[in-house]
Every structure is written in C-alpha cells, then in structure tokens.
Amino acid sequence: MNIRQRRHSPVRRKNKLLVTTVGILVLLGVLGTTSMNASAAFVSPTQLSEDRYDGEWVNLEGSVQNLDTQGQTATFEVTDGNYSTSVVYEGTLPETMGENRIVVAKGRVDGDTLVAKQLSVRAHEGSERPAETR
C-alpha cells in the first residue's frame with residue numbers, strides 16, 4: 001500500500017499545485033480589474049472636452065440634462081455649465097435620477113460619449129447642500 005501511495009503522491013501534489021496556481025491567477029485578475037476601476041479619475045465635461053480620455057474609465061460629474069429613457073436604456077447629457085457630454089446607460093436608474101440632479105456616471109469614454117456602467121446621484125445639491133460641502 002505504501003508503494004501505491006508513493007506513486008499517486010506526485011500526481012496529487014501536481015493537482016494541488018495546479019489548483020493553487022489557477023486560484024492565485026483568478027484572484028490576481030479580480031484584484032487587477034477592481035483596482036483599475038477604482039482608480040478612475042473624476043472629470044467634468046469641460047475636462048473631457050480638453051483632454052484625451054478615449055477608451056479610459058472615468059467618473060464624470062455634472063448636472064443631468066435631456067434625460068430620455070426607453071426600456072432599460074437611458075440617454076442624457078451631463079453638463080458643468082460650459083460643456084456637455086452625452087451618456088448612455090443600460091440598467092435600472094436610481095430612484096432619485098432626474099433633470100438637473102448632480103450625477104456621477106462611471107464608465108468608459110467612447111469618442112464623445114460616456115458608456116456608463118454605474119450611476120450615483122448626489123444626495124445634496126445647490127441650496128439644499130450643507131454649507132461645509134459647498
């Protein structure tokens with residue numbers, strides 16, 4: 001019985017090594033993707049118009065204008081008063097999403113459009129915003 005265990009032992013070690021290696025590679029891939037998304041720059045529509053962000057992940061912040069929804073697809077513009085950037089989002093909109101609300105749209109820049117994967121609506125804005133955050 002010891003001979004059989006010795007014969008199978010190297011195979012078991014190789015299988016364990018293979019499983020461990022695959023697990024580590026998957027973990028590194030998840031961490032890499034998460035850190036790339038977390039490091040997305042906060043930009044305004046004016047900054048997008050001035051710099052080259054095509055293909056990059058960004059957090060676009062500004063006021064919502066011309067909101068249009070058709071099914072699960074929403075299109076709108078985010079403006080900072082100087083420039084506007086078109087945004088396309090597929091999914092359920094936040095309940096507080098609406099015209100003139102301050103939004104942070106996280107997504108990838110595709111030419112003149114931001115393809116958003118996540119939307120966050122600011123809780124306080126304008127005159128209702130606490131003085132310490134203005």
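Data block above holds the structure.
Below, the structure is looked at part by part. (Residues numbered from 1 in each chain as written. Predicted model: local features only at pLDDT ≥ 70, side-chain atom pairs only at ≥ 80, totals over all residues. Heavy atoms only, no water.)

## Some points on the nonpolar core
Step number 1: Counting residues in hydrophobic clusters, the biggest one holds 18 residues, and the most contacted among them are F76, V87, V103, L114 and L119.
Step number 2: Secondary-structure elements contributing two or more residues to this core are strand 2 (57-70), strand 3 (73-79), strand 4 (84-90), strand 5 (102-110) and strand 6 (113-121).
Step number 3: With 4 residues, strand 6 is the largest single contributor of residues to this core.
Step number 4: When sequence neighbours within four positions are dropped, the list of residues in contact with V103 reads L60, E61, G62, V64, F76, V78, M97, L119, S120 and V121. (Core = buried A, V, L, I, M, F, W, Y, C linked by side-chain atoms within 4.5 Å. Buried < 20%, exposed > 50% of the residue type's maximum accessible area, 1.4 Å probe, protein only. Helix = DSSP H or I, 4+ residues; strand = E, 2+ residues; numbered from the N terminus. Contact = heavy atoms within 4.5 Å.)

## A word on a nonpolar patch on the surface
Step number 1: On the surface, a cluster of nonpolar side chains totalling about 500 Å² of accessible area is made up of I24, L25, L27, L28 and L31.
Step number 2: Along the chain, L27 turns up in helix 1 (residues 2-38). (Patch = residues over 30% accessible without salt bridge, like charges linked within 9 Å, V, L, I, M, F, W, Y side chains within 5 Å. Areas by Shrake-Rupley, 256 points an atom, 1.4 Å probe, with all protein chains shown as cover. Salt bridge = Lys/Arg side-chain N within 4 Å of Asp/Glu carboxyl O.)

## With respect to the pairing of strand 3
Step number 1: Pairing geometry for strand 2 and strand 3, over 6 bridges, is antiparallel. Across the sheet, residue T69 finds its bridge partner in strand 3, namely A74.
Step number 2: From the end of strand 2 to the start of strand 3, which pair antiparallel, there are 2 residues, and G71 there has a positive phi angle of about 65°.
Step number 3: Bridge count for strand 3 against strand 4 is 7 bridges, and the pairing is antiparallel. Following the sheet pairing, T79 is matched in strand 4 by S84.
Step number 4: Adjacent in sequence and paired antiparallel, strand 3 and strand 4 are bridged by 4 residues, among which G81 carries a positive phi angle near 95°. (Pairing = 2+ DSSP bridges.)

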